[in-house]
Amino acid sequence: MTTKPFQIAVIGCGRIAGHHCSSIAEVDGIELSAVCDLVEGKSSSYGKKFNVPFFTSYHQMFQDLPQINTVAIVTPSGMHFEHATEIMSRYKKNIIVEKPTFLKPSQLSVAYQLAEKEQLHIFPVFQNRYNRAVQRVKNALNDGELGAIRIIAVRVRWCRPQRYYDLSPWRGTYAQDGGALTNQGIHHVDLLRYLGGDVKKVSATMCTLGADIEVEDTIVATMAYDTKAVGVLEVTTSARPDDFEASISLVCEKGLAQIGGIAVNELQIFTPDPAACAAHSEDFSGNVYGHGHGDMYRDIAAFLRKGGSYPVGRQDSLNTIKLLHSFYRSDEQGRDVVVDSEEESTRLGKSDEKLASLYRIHLP
Amino acid sequence: MKSLLVFIESTCLDGTSMDRELKVGIAGYGIVGKRRREYIDQHPRLKTVAVCDQSFSSDGEFDDGVHFYQSYERLLSEKLDILFVCLPNYVAPEVTMAGLQNDLHVFCEKPPGRDIQDIANVIECEKQHPKLKLKYGFNHRYHDSVREALKLVRSQELGKIINMRGVYGKSKIIPFSGGWRAERRFAGGGILLDQGIHMVDLMRLFVGDFVKIESFISNDYWHHDVEDNAYALMKGSNGVVVMLHSSATSWRHRFSLDITLERGAITLSGILSGSKSYGAEKMTVAYASDDDGGDPREITTRYNQDNSWRDEITDFAESILENRPVVEGSSSEALETMHLVYRIYCADHEWQSKYKLKEEV
């Protein structure tokens, strides 16, 4: 019988992997069992830091440690689908998938169908939903404290110069990364839905202004919600010389709420109760990822041990990826597009075998 | 950080601090209501202050200071924070909605009403009161044997579920108090809605959605206008096949749930209840191997304490005090389980047409 903690492995040992490892370590009922990266120096670094076995192939990892129950996939965005489907079908493990869950809505549907068939579970990561500022505004919207939403505005003005995109081959590509909206703006795209409900129509213009890359580093867009609300979005990584702003603000029937900070961690304006700003802001200095991953792992541990439901379900994550694609589709077609559509962007998540082969882990 | 957050957000609807004992009223003070009170009063932050039951001959006060009333309307005139609804199916939705309309958090026993329309009405009312918590009493999810089995299934140690077989039975429909359970106009359904709903809920917990259902529903033995036996064969969207038998002609009270997986099996037998008549609560896990000759290694765990009532109430209290969503027994979960019960009824076309049942609102 299983009385031991659920064993969790992390694959992909980039910057955010350490945050997953430390979040797993702080939650009761789950345990970090191994880390894996194609580059031995990266996996050994986390392996030694967290005192767990490290691997350069997950095939070897699952062979040596069959007790692993769940795998956090923290590999390049374009590899999430391939890694997730292989790990579920070949090794029968639950998966936790970093943002963006998958680069295409169709990939998400296939992955969930596979999980259902194999009786496995997919846990998408949207850690900013747990931020206290976000929760305060969400509660105020649910409770009627803010009234109906009239306008939602997202503004992300960050600086990612050429050297950032030159760090790895996958960065700045449609096949593996997506541009400013997919990589940097995805949490705000998710919050557009999480706070405002589903978006009906989108009109977007994308361009590349500050770096020599394939993908957009700038997008401006307008949105119409299923309700009467409208929205405006501006996301860029072409701001210079520094990161300036990443905010989401809501003009509502009974007041204004604005969340900012480096990772939607500061409640900057909340007119129904100005004192709530200090009480619901968190200090994320030194840790841009905040505390949400710990809360997410607590939800995963509770789900595995006691039942209930993980807060981000299939339809929820599908709708966020559909919304993401609608911005690209609108730019491609030069017109308004309806978000709830089977159509997909022709660019985001396109196939590039040469690039994928750099991150593919072959069977021994 | 967490405790600070809890303190800040623990405020009542009127803005006063909730850092005090929460006052509980219990509507329906029969066997279940009294049992609920026992666990409510064990909780450090909850206190029963008033109850109501139609069996009281007058309004008054018990020796311990708790007020009692003949009607729920007078119970609701008390200053309360939480209402527990332990009433028959035909009044439970009405009183649940009255609780919400009086700005009370509500815990309502299963089933959520007589039919899907009943729970749909409550959900509409709940939407008008988003600050309030509403939880339904599906306490079997909180039994230790069920929790351990779920944990084992989710560990994938024994592979995927292939099939499940669940039997839940008692000896008659009319139990200890009153005859409302045997009349369709009061109960809405028979043994499946009253007791089998717990098994249906567990099957949803372990399997998920069902895409195909065949059933036989019968009242041939007791001849009430509600069923005394329900037999169902269901297929999950993940291919798992489930057999269900809910019975009121089971002369020995019985609870058993067999879960067959790819590399073993889990058998839950017996469940601890107030009457202790369902046998010792046990979980037997069989670990299949190629050379066991059909006689696999087994480990049996016997659970000698029923923590389900305490844990369920603790969970409800925490959702109020920490202002977090109700997960187990939420109204949407209750609606899904009720929907599955009615799909089982309607899969027997003769039964469906005889009583003009609807599986949708």
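Residues numbered from 1 in each chain as written. Chains lettered and ligands numbered in written order. Predicted model: local features only at pLDDT ≥ 70, side-chain atom pairs only at ≥ 80, totals over all residues.

(A) Expanded view of the overall build of chain A. Per the secondary structure count, chain A includes 13 helices and 14 strands. Relative to its length of 364 residues, chain A is compact, with a C-alpha radius of gyration of 20 Å against a globular reference of 21 Å. Dimensions of chain A along its principal axes, counting C-alpha atoms only, are 55 × 45 × 40 Å. For chain A, the proportion of its 364 residues judged to be buried stands at 52%. Taking all contacts inside chain A whose residues are at least 6 apart in sequence as the whole, residues at least 24 apart take part in 68%. (Helix = DSSP H or I, 4+ residues; strand = E, 2+ residues; numbered from the N terminus. Rg over C-alpha atoms; globule rule 2.2 N^0.38 Å. Buried ≥ 20, exposed ≤ 12 C-beta atoms within 10 Å, placed from the backbone. Contact = placed C-beta atoms within 7 Å.)

(B) Representation of the overall build of chain B in the model. Assigned secondary structure in chain B consists of 11 helices and 15 strands. In terms of overall dimensions, chain B has a C-alpha envelope of 65 × 55 × 35 Å along the principal axes. Here chain B holds 361 residues, and 45% of them are scored as buried. Long-range pairs, those at least 24 residues apart, make up 64% of the contacts in chain B with a sequence separation of at least 6.

(C) The arrangement of the nonpolar core in detail. The biggest cluster of nonpolar side chains holds 107 residues, and the ones touching the most others in it are Ala9(A) and Val35(A). Membership of the second largest hydrophobic core comes to 95 residues, among which are Ala50(B), Leu100(B), Leu192(B) and Tyr342(B). (Core = buried A, V, L, I, M, F, W, Y, C linked by C-beta atoms within 7 Å.)

(D) Region of interest: the interface of chain A and chain B. Between chain A and chain B, the residue contacts involve 21 residues of the former and 24 residues of the latter. Secondary-structure elements contributing two or more residues to the side of chain A that touches chain B are α5 (105-117), α6 (132-143) and α11 (292-306) of chain A. Looking at the side of chain A that touches chain B, the element that brings in the most residues is α6(A), giving four residues. Taken together, the residues of the side of chain A that touches chain B sort by class into four nonpolar, nine polar and eight charged. (Nonpolar A, V, L, I, M, F, W, Y, C, P; charged D, E, K, R; others polar.)

(E) Expanded view of unusual backbone geometry. In this model, Arg240(A) is joined to Pro241(A) through a cis peptide bond whose omega is 5°. Mapped onto the fold, Pro241(A) is located in the loop between β10 (230-236) and β11 (245-252). Looking along the chain, the bond that leaves Lys110(B) and enters Pro111(B) is cis, with omega of -15°. Looking at the element boundaries, Pro111(B) is found in the loop between β6 (105-109) and α5 (116-127). Look at His223(B): it is not a glycine, yet its phi comes out positive at around 55°. Position of His223(B) relative to the elements: it lies in the loop between β9 (210-218) and β10 (229-236). Its identity is not glycine, yet Lys356(B) carries a phi of approximately 50°, on the positive side.

(F) Region of the structure containing the sheet that holds β11(A). Residue and element names in this part refer to chain A. In space, the eight strands of this open sheet follow the order β13-β12-β11-β7-β10-β9-β8-β14, with mixed pairing throughout. Because the sheet does not close on itself, it has two edges, and the strands there are β13 (266-270) and β14 (337-338). Taken together, the five bridges between β11 and strand β12 (residues 255-260) define a ladder with antiparallel strand orientation. Considered in β12, the bridge of isoleucine 248 is made with isoleucine 259. Against the sheet, α6 touches β11, β12 and β13, its axis set at about 160° to β12. (Pairing = 2+ DSSP bridges. Axes fitted to C-alpha atoms, helices over the stretch in contact; angles between N-to-C directions.)

(G) Fine view of the pairing of β11(A). All names here are of chain A. The two faces of β11 differ: Ala246, Ile248, Leu250 and Cys252 on one face are buried, but Glu245, Ser247, Ser249 and Val251 on the other face are not. Across eight bridges, the pairing between strand β7 (residues 149-157) and β11 is antiparallel. Bridge pairing in β11 places isoleucine 152 opposite leucine 250. Between the end of β11 and the start of β12, which pair antiparallel, lie two residues.

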